[in-house]
Amino acid sequence: MTAFSYFCVMDAYEADKSLGTVVFRQNSRIRKLAIRIAGRAVIVQFPLECTLKTAKSFLEEHRMWAESVLRRCPTMTSTVIDENTELELLNFKIILKHDAKQNRCYATMDLQRECMVMHAPVSEDIYSEDIQKRIDSLLFNILMLEAKHYLPGRLNYLSEKFGLTYAECQIRKMKSRWGSCISKSIIHLSSLLMALPQELSDFVILHELCHTREMNHGKNFYALLNRVTENRADEFKKKLNDYAKQPTLSILFALA
Ligand SMILES: [Zn+2]
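Because the structure is predicted, anything quoted here is derived from the model rather than measured. (Residues numbered from 1 in each chain as written. Predicted model: local features only at pLDDT ≥ 70, side-chain atom pairs only at ≥ 80, totals over all residues.)

Among the 6 residues that make up strand β4 (residues 41–46), 5 are buried, leaving the element largely enclosed by the rest of the structure. Judged from the 5 bridges that link them, strand β2 (residues 20–27) and β4 form a sheet pairing that is parallel. The residue of β4 that forms the bridge with V23 is I43. Pairing geometry for strand β3 (residues 34–38) and β4, over 5 bridges, is antiparallel. Its bridge partner lying in β4, A34 is registered against Q45. (Buried ≥ 20, exposed ≤ 12 C-beta atoms within 10 Å, placed from the backbone. Helix = DSSP H or I, 4+ residues; strand = E, 2+ residues; numbered from the N terminus. Pairing = 2+ DSSP bridges.)

Let's shift gears to the nonpolar core. Core analysis: the largest hydrophobic core is formed by 50 residues, its most contacted members being M118, I135, L189 and L193. The element that contributes the greatest number of residues to this core is helix α4 (residues 129–162), accounting for 8 residues. Setting aside residues up to four positions removed in sequence, L193 forms contacts with A147, L151, W178, S201 and V204. (Core = buried A, V, L, I, M, F, W, Y, C linked by C-beta atoms within 7 Å. Contact = placed C-beta atoms within 7 Å.)

The next thing to look at is the sheet that holds strand β5 (residues 86–88). Backbone-to-backbone hydrogen bonds join strands into a sheet, with any given pair of strands oriented parallel or antiparallel. The strand order across the open sheet built from 4 strands is β5-β6-β8-β7, with neighbouring strands paired in mixed fashion. Either end of the sheet is taken by a strand with one partner, and the two such strands are β5 and β7 (106–110). Sheet twist, expressed as the average angle between the axes of neighbouring strands with direction ignored, equals 30 degrees. Direction of pairing for β7 relative to strand β8 (residues 115–121): antiparallel, over a ladder of 5 bridges. Bridging across to β8, Y106 finds its partner in H119. Sitting on the sheet, α4 touches β6 (93–100), β7 and β8, and the angle it makes with β8 is about 155 degrees. (Axes fitted to C-alpha atoms, helices over the stretch in contact; angles between N-to-C directions.)

Structure (structure tokens):
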């Protein structure tokens, strides 16, 4: 027999253009409609006797208020990670499940679906600042581990293929740059490269490798970069700029 919880809670999600993630939560404990901004989502709570349609028009009545709260704190909703989030990494994708019985966030690998699953505690509101922070740091660690596992080998491969040598490689949590090359021999790569398609992360690596010969962005540098990318430097540069605007990447850029 199915046991119905007395505290019946049902969520419907919506991605709103100006408000970000909006959760419509039907709650048997409440008598009146209410809106709150919790953690990084706008939550519209409505009693059992109300319909989703009523909840939506209630949100419209209070939209200006919600927008003004969010304007004062613009990063609040932009980086929410929930069960609708799907992050595509180079070797697997990452999804979130709100199903952990313990009070901690952890990750497991679903080998069949080639998918990394982050688990958040069921007992907690997934949109609370605390849980979102814990998910952020879990995601950050996954990204870093994967980057340390993959990028040094790829750098080495491309270095040997094109005869561009370097002395040292460091993987960093850089958010403002994909990579950098210091003093002709030390290459820094951002762990966020794992969120790019391979041709674009290769392009970044090749860009840094070219700096081992040419420490500027002059004519010779671009001639070399074009040589190692089959004359596709401009094309890759444009693709990289376009790719960086994707909403899923903004989630990763926002990680501390
Ligand atoms: Zn450069």
